[in-house]
Amino acid sequence: MDPTVPVDRRTFLAVTARGGARLAAMGLSLPALLAACGRDQPAIQGSPPTRPASPDQGSVLVGDVLDHRLRSDDWEGAFGFVTFRLTPGSFEGQAVYLIRTDASDEAFAREQRLVFVPKLASLDGDGLAGEAFLVAGGTDDQALVVSSEPGRPDYTPAWRVRNVTWTAEPRTLASVGDVRAAESAGEIQIEPAGAVMNAAIVKWSSGELPADGVLKEYLGEGPLIEPPDPDALTVTFKLNECFPGSRYIVTEHSIEPAAEMTHTAFAPRLHGGPSEAGATGRTNVFMNGIPGPGPMGFQPSAFDLAAGDPGWSPYWDHYTYAWKDGVEPRVLESQREVHAARDAGELEEFPGVPDTKGEVFTVNCPVPVLAENSFTG
């Protein structure tokens with residue numbers, strides 16, 4: 001196989017109704033729901049607590065995970081599922097829905113039951129993250145106010161969290177403009193929460209992540225098994241395996257061709273800046289070799305570290321590898337093994353994919369579940 005030949009969609013990575021009303025009916029507001037998610041949760045080694053699902057289903061890292069399985073007999077694909085609770089948001093008066101997975105501040109991550117990712121703190125600067133305003137003591141239909149959404153050139157799933165408290169009679173704030181006007185009028189106080197949060201928008205004003213109706217390949221026709229449900233406040237993703245010991249989802253790509261070919265959201269602000277700021281990790285993806293559940297149809301990818309490690313990040317800089325002619329492929333279970341094979345002349349390395357001609361792109365791949373690897377080849 002000539003790795004320089006242009007490729008199709010499947011092998012691009014093979015070679016290339018508002019949720020607040022429901023909360024109100026339950027007697028909850030969004031701030032109350034978010035606070036409830038973090039009550040009485042002990043910390044484990046600086047990361048949020050793992051929650052065992054069953055002896056054979058690994059450990060849940062994210063408090064908004066409602067259900068998951070590592071594999072399922074309900075479809076052909078070699079992947080499981082994970083169902084998240086949706087967080088309602090508002091952008092320019094339009095409803096959006098997010099999944100919260102990671103945060104840069106240890107106390108905030110523990111309180112909200114998110115994965116503690118210190119690297120994300122480097123995105124707390126102009127142009128590297130959006131703004132998310134968490135309004136306390138507001139109206140029952142108050143949502144998380146965000147500064148962007150997919151389809152805009154400034155979209156990123158990284159958000160600088162701001163705490164908003166009322167000093168006047170509360171009302172609903174539906175946009176950043178509303179927030180700033182209320183601040184100027186002396187009606188609210190805004191304080192930084194000291195955290196950058198990874199929260200992908202999965203349903204927005206003009207679209208949503210697609211569900212795959214075939215469920216044979218991990219990328220396939222979309223990253224979801226069930227579409228976002230604003231009434232039930234749930235969404236179900238495909239849950240895939242990677243080394244070391246992790247189960248991940250995919251939500252955004254930092255370049256548009258990759259987002260289009262994988263049916264994920266395009267996040268322009270993930271491109272370049274987070275890598276230069278030191279906020280990213282690395283994923284090593286195989287484009288040939290031993291068939292398996294990896295994104296290109298071969299062995300699972302190997303990334304640098306496991307979720308919860310201080311050096312880990314859900315923002316992965318994408319590198320692709322091809323076994324050279326005459327080399328017998330084998331399963332590589334760590335980045336160290338991948339790089340050793342590369343340095344021995346057994347693997348050819350492509351920053352990004354061959355079609356990007358040396359340009360690395362970044363993928364948002366949160367890890368909501370830790371579990372022992374089952375792939376052996």
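Residues numbered from 1 in each chain as written. Predicted model: local features only at pLDDT ≥ 70, side-chain atom pairs only at ≥ 80, totals over all residues. Heavy atoms only, no water.

Caption draft 1: Here's a closer look at the packing of aromatic side chains. Summed over the entire model, instances satisfying the criterion amount to 10 aromatic pairs. Ring centres of Tyr218 and Tyr248 lie 5.4 Å apart, and the angle between their planes is 65 degrees; this geometry places the pair in the edge-to-face category. Residue Tyr218 is found in the loop between β12 (207-208) and β13 (224-229), and its partner Tyr248 is found in strand β15 (residues 246-248); the two are separated by 30 residues along the sequence. Under the relative-accessibility criterion, Tyr218 is labelled buried at 5%. Their ring planes at 55 degrees and their centres at 5.5 Å tell us that Tyr248 and Trp316 sit as a pair that is tilted. Pair noted here: Tyr248 is in strand β15 and Trp316 is in strand β20 (residues 315-323), with a separation of 68 residues, a long-range link. Site record: aromatic cluster; members linked through ring pairs are Trp75, Phe79, Phe81, Tyr218, Tyr248, Phe303 and Trp316. Taking NZ or CZ as reference, Arg282 lies 3.5 Å from the ring centre of Tyr319, over its face. (Phe/Tyr/Trp six-rings, centres within 6.5 Å; stacked < 30°, edge-to-face > 60°. Helix = DSSP H or I, 4+ residues; strand = E, 2+ residues; numbered from the N terminus. Buried < 20%, exposed > 50% of the residue type's maximum accessible area, 1.4 Å probe, protein only. Lys NZ or Arg CZ within 6 Å of the ring centre and 35° of its normal.)

Caption draft 2: Spatial organisation of the nonpolar core. Counting 95 residues, the largest nonpolar core has Phe84, Ile99, Leu123, Val146 and Phe237 as the members making the most contacts within it. Among all residues touching Val146, those that are not within four sequence positions of it are Ser90, Phe91, Val96, Leu98, Glu131, Ala132, Trp159, Val176 and Ile201. Ranked by size, the runner-up nonpolar core spans 11 residues in total, among them Val135, Val164, Val176 and Ile190. (Core = buried A, V, L, I, M, F, W, Y, C linked by side-chain atoms within 4.5 Å. Contact = heavy atoms within 4.5 Å.)

Caption draft 3: The arrangement of the pattern of salt bridges in detail. Following the criterion strictly, the structure yields 18 salt bridges and no others. Among the salt bridges present, the one from Arg180 reaches Glu183, with a minimum N-O distance of 3.2 Å. Here Arg180 pairs with Glu183, and both are found in helix α4 (residues 176-184), just 3 residues apart, close to one helical turn. Sharing partners across several salt bridges, the network here consists of Asp124, Glu131, Arg160, Arg162, Arg180 and Glu183. (Salt bridge = Lys/Arg side-chain N within 4 Å of Asp/Glu carboxyl O.)

Caption draft 4: View of helix α7 (residues 335-343). By the burial criterion, the buried members of α7 are Gln335, Val338, His339 and Ala341. Buried positions in α7, seen along its axis, are confined to an arc of 160 degrees and lie on one side of it. More than 90 degrees from the buried face of α7, the exposed residues found are Arg336 and Asp343. Looking at the packing, one finds that the buried side of α7 touches β18 (281-286), β19 (302-303), β20 and β21 (347-351). (Arc of directions from axis to C-beta.)

Caption draft 5: Fine view of the pairing of strand β4 (residues 80-85). Taken across its 6 residues, β4 has 5 buried, putting it largely inside the fold. Where strand β3 (residues 65-69) and β4 come together, 4 bridges link them in antiparallel fashion. Paired with Arg69 across the bridge in β4 is Phe81. Taken together, the 6 bridges between β4 and strand β14 (residues 234-242) define a ladder with antiparallel strand orientation. Each residue of the ladder has a partner; that of Arg85, found in β14, is Thr234. (Pairing = 2+ DSSP bridges.)

Caption draft 6: Region of the structure containing the state of the cysteines. Enumeration according to the criterion identifies 0 disulfides in this entry. Not part of a disulfide, Cys242 finds its nearest cysteine sulfur in Cys365, a span of 7.8 Å. Residue Cys365 is classed as buried on the basis of its relative accessible area, which comes to 4%. (Disulfide = S-S within 2.5 Å.)

Caption draft 7: Geometry of the environment of Pro228. Turning to its location among the elements, Pro228 is positioned in strand β13. Measuring from C-alpha to C-alpha, the distance between Pro228 and Leu86 comes to 8.0 Å, with 142 residues separating the pair along the chain. When neighbours within four sequence positions are excluded, Pro228 is seen to be in contact with Leu86, Val202, Lys203, Glu208, Leu209, Thr234 and Val235.

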